[in-house]
Amino acid sequence: MAALRKAAKKIVQYSGGFGAWHRLRNRECLTVLMFHRVLPLADQTRQGADPEYTVTPELLAAVLRFAGRHYTFIGVDELLAARAHGAPLPAYPLLVTFDDGWRDNLVHARPVLAAQNVPWLLFAAADAIAAPEVWWHEPLEWAVRNGKADLAELWGRAKPETGGAGQDVPGNLLDLLVRFGALSPEHRWAILGPYADELLASAGGRLMLDAAELNDLAKSGTGIGVHGATHLPLTRLADPADDMVRARRWLTANSGTAAGETISFPHGRYDAGTVSAARDAGFRLMFTSDPVLNRCPGGVPASDVLGRVSIAAAAVTDDNGRLAPERLAPWLILRERQ
């Protein structure tokens, strides 16, 4: 925050405001927006959605209108062409991305994006979409986030089946996800089944896209990228390449389109090893959750590893939940350029 305040002072001193600063500074920078869920407020409550990663359709529409005034929307095909062949991107390029593969992306996000003619890229977690009714991550995260289960209690119940208890307590929810990921499906569902039943009853049905809906999105022009198979941090898997390749194979077979050229790292976790593994697996662009702008000298991305700026409702809205442009502008414009 200190860096943002310092940059804001420089803008004031420059006397041109955020718009002028953006025009001077970011002409050859790619901005990538990161969204997850899009739900009306009533549905957010009913589904127990994580507020940090959920926006309303109205807020999404307002963010896109703001972006349309200051940026040029691009699709993933343009970005891939620029990186591969040097075909320059337009000035102030902006790409819209979504992570995970939530069904509300189809129901609530797609109409908003289509109304403003905005191309977008969906990074889908293969196992989430392949799950028959509910993906095991959903009831686990929902139960902890909504006070249905205690983190330490679940940790104790999810004892490893191959010997060795590991650390005594979870450091965070991500630790718990990794621990549950190592269990057999039978053991996992013996613990999570009651929470899954309660979540489905509250939400009114399936929360993730299914294969047919993914195919529908792809046919309508939505870009499909890989977000892992297990959606566990690749840095904590014994064979991250296997997870990435398995996800690409399933998504390509079930989306009706090639899904093997782009990947976003689950939970934003990556290191030199995972980047190298992704390149070796044939991915041409890798997306992180690092909130940075991406240098594109001459309109050509300087790197195949690209940062993204998450749109968090609490950070860009006023007290009434409406978009506050004076908050969104610095949220986007003052980011570090990598």
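Up top you'll find the structure we're talking about.
Not measured: the values here are computed from a predicted model.

Peer 1: So what's going on with the pattern of salt bridges? Residues and values would help.
Peer 2: As enumerated under the stated definition, the model contains eleven salt bridges in all. Of the charged contacts in the structure, one is a salt bridge between Asp318 and Arg322, with a shortest N-O distance of 3.9 Å.

Peer 1: Now, about helix α6 (residues 104–115): what can you tell me, with residues and values included?
Peer 2: Over its twelve residues, α6 runs 16 Å from end to end, which matches the ideal 16 Å to within 8%, given 1.5 Å per residue. Those residues of α6 that fall on the buried side of the exposure criterion are Asp104, Asn105, Leu106, Ala109, Val112 and Leu113. Where the residues of α6 are buried, they touch β2 (37–38), α4 (57–70), β5 (93–100), β6 (120–124) and α12 (211–219). Asn117 occupies a position one or two residues after α6 and carries a positive phi of about 60°.

Peer 1: Any details on the side chain of Thr54? Residues and values, ideally.
Peer 2: Assignment of secondary structure puts Thr54 in strand β3 (residues 54–55). For Thr54, a relative accessible area of 3% gives the class buried. Here Asp50 takes part through its backbone oxygen, which lies 2.6 Å from a polar atom of the side chain of Thr54. Beyond its immediate sequence surroundings of up to four residues, Thr54 is in contact with Arg37, Leu39, Gln44, Ala49 and Ala313.

Peer 1: An account of the pairing of strand β7 (residues 223–226) is needed here, citing residue identities and associated values.
Peer 2: Here β7 shows a buried face lined by Gly223 and Gly225 and a second buried face lined by Ile224 and Val226. For β6 and β7, the ladder comprises four bridges, and the chain directions are parallel. Looking across to β7, one finds that Ala124 is bridged to Val226.

The rules we used
Residues numbered from 1 in each chain as written. Predicted model: local features only at pLDDT ≥ 70, side-chain atom pairs only at ≥ 80, totals over all residues. Heavy atoms only, no water. Salt bridge = Lys/Arg side-chain N within 4 Å of Asp/Glu carboxyl O. Helix = DSSP H or I, 4+ residues; strand = E, 2+ residues; numbered from the N terminus. Expected span 1.5 Å × (residues − 1). Buried < 20%, exposed > 50% of the residue type's maximum accessible area, 1.4 Å probe, protein only. Contact = heavy atoms within 4.5 Å. Polar contact = N/O pair within 3.5 Å; in protein donor to acceptor, adjacent residues only side chain to side chain. Pairing = 2+ DSSP bridges.

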